[in-house]
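An overview of the molecular structure
Each chain is listed here by its residues.
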Amino acid sequence: MTQTPRRLFDIPAPPDLPVAGDDRVFPVRRIFCVGRNYAAHAAEMGNTVDRDAPFYFTKSAHALCLSGSTVAYPPGTSDCHHEMELVVALGASAFAVDTGGAMAAVWGYACGIDLTRRDLQAAAKDKRRPWDTGKDFENAAIVGALTPAGAFGAPGAQAITLDLDGRRVQNARLSEMVWSVPEIVADLSRLYHLQPGDLIFTGTPAGVGPVQPGSRLRGEITGLAPVELEIGPSEQPPG
Ligand code: MN
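Residues numbered from 1 in each chain as written. Predicted model: local features only at pLDDT ≥ 70, side-chain atom pairs only at ≥ 80, totals over all residues. Heavy atoms only, no water.

Details of helix α6 (residues 181–188)
Along an α-helix, a turn takes 3.6 residues, which lines up residues three or four apart on a common side. Taken residue by residue, α6 has V181, I184, V185, A186 and L188 as its buried positions. If you follow the buried residues of α6, they end up packed against β3 (31–35), β4 (55–59), β8 (84–90), α2 (99–102), β9 (106–114) and β15 (199–201). (Buried < 20%, exposed > 50% of the residue type's maximum accessible area, 1.4 Å probe, protein only. Helix = DSSP H or I, 4+ residues; strand = E, 2+ residues; numbered from the N terminus. Contact = heavy atoms within 4.5 Å.)

Pasting the structure below:
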């Protein structure tokens with residue numbers, strides 16, 4: 001007789017994502033993010049776009065935060081930036097698919113904010129170190145309610161915007177993405193066995209900038225539920 005081993009402690013699961021107009025929820029498995037996918041944002045960061053291939057970083061699913069939350073200004077930074085992004089949610093597996101087969105794995109889309117400790121990311125870039133502390137921290141992946149792919153249509157002319165304290169600071173169209181959604185899914189599927197529950201942040205347009213304690217963020221993409229976030233007091237450790 002074997003017994004299931006008793007866990008020493010329980011770990012809270014990442015939150016499930018709501019689906020707009022549906023009482024079902026979407027469980028999240030992994031979070032992939034694309035770097036430098038809008039030429040104007042690459043330029044504002046002093047970079048050029050690599051047209052040979054997209055590149056990626058990841059965030060833990062435990063960095064996920066639901067839209068409408070208030071989160072503390074994160075510790076360890078004095079330059080925390082907003083990056084408004086289209087989030088692709090996968091509902092089927094995909095491995096080594098081509099662009100023609102990639103969209104079959106896409107369940108839907110959401111508005112997302114890739115919160116970034118820009119000072120830590122910049123220091124890591126300078127020292128050729130990984131970006132983890134700049135990108136993968138608690139509440140760094142804020143995602144709104146999902147809309148099924150069929151209801152949204154193909155990403156293209158839709159506007160992608162972010163308002164910071166009521167002022168529009170990011171404003172572009174999804175058609176400005178360097179790598180399209182099918183190209184990203186196909187390329188990632190050559191590196192990973194993509195699975196249902198995987199999310200892909202598809203990169204941010206120009207206009208990124210710092211948030212402060214008390215900042216209110218509202219991101220919109222035409223045809224999707226908005227993503228909203230309020231930054232609470234700082235959690236800076238003393239000293
Ligand atoms: Mn980003």
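So, the coordination of the manganese ion
Looking at the manganese ion, one finds its protein donor set to be E83 (OE), E85 (OE) and D114 (OD), positioned 2.0 to 2.1 Å from the metal centre. Each donor residue of the manganese ion belongs to the same chain, and together they define the spacing E-x1-E-x28-D. Here E83 is found in the loop between β7 (80–82) and β8, whereas its partner D114 is found in strand β9, with 31 residues between them in sequence. For the pair shown, E83 and D114 are each scored as buried. (Donors = N, O, S within 2.8 Å, 3.2 Å for Na, K, Ca; no water.)

Remarks on the state of the cysteines
For the structure on display, the rule yields zero disulfides. Among the cysteines around C33, which has no disulfide bond, C80 carries the closest sulfur, lying 14 Å off. Not part of a disulfide, C65 finds its nearest cysteine sulfur in C80, a span of 12 Å. (Disulfide = S-S within 2.5 Å.)

Some thoughts on the sheet that holds β7
Whether parallel or antiparallel, the strands of a sheet pair through hydrogen bonds between backbone atoms. Judged by pairing direction, the sheet is antiparallel, and its three strands sit side by side in the order β10-β7-β16 without closing on themselves. Single-partner strands in this sheet number two, and they are β10 (116–117) and β16 (209–210). Pairing of β7 with β10 involves two bridges; the strand directions are antiparallel. Pairing of H81 across the sheet is with T116, part of β10. (Pairing = 2+ DSSP bridges.)

Observations regarding the packing of aromatic side chains
Applying the stated criterion across every chain, the model contains five aromatic pairs. Ring geometry for F32 and Y192: centres 4.7 Å apart, planes at 55°, overall tilted. Of this pair, F32 sits in strand β3 while Y192 sits in the loop between α6 and β15, and the two are 160 residues apart along the sequence. Given the relative accessible area of 2%, F32 is considered buried. Its relative accessible area of 32% is what places Y192 among the partly exposed residues. Here Y109 and F152 contribute two aromatic rings whose centre-to-centre distance is 5.0 Å and whose plane-to-plane angle is 45°, an arrangement assigned as tilted. In this pair, Y109 is assigned in strand β9 and F152 in helix α5 (residues 149–152), connecting sequence segments 43 residues apart. Comparing Y109 with F152, the two get one shared label, buried. Members of the aromatic cluster, each reached through a chain of ring pairs, are F55, F57 and W131. (Phe/Tyr/Trp six-rings, centres within 6.5 Å; stacked < 30°, edge-to-face > 60°.)

Here's the deal with the nonpolar core
Formed by 50 residues in total, the largest nonpolar core has its most connected members in Y109, I200 and I221. Ranked by residue count, the leading element in this core is α6, at five residues. With 19 residues, the next largest nonpolar core counts L17, V19, F57 and F201 among its residues. (Core = buried A, V, L, I, M, F, W, Y, C linked by side-chain atoms within 4.5 Å.)

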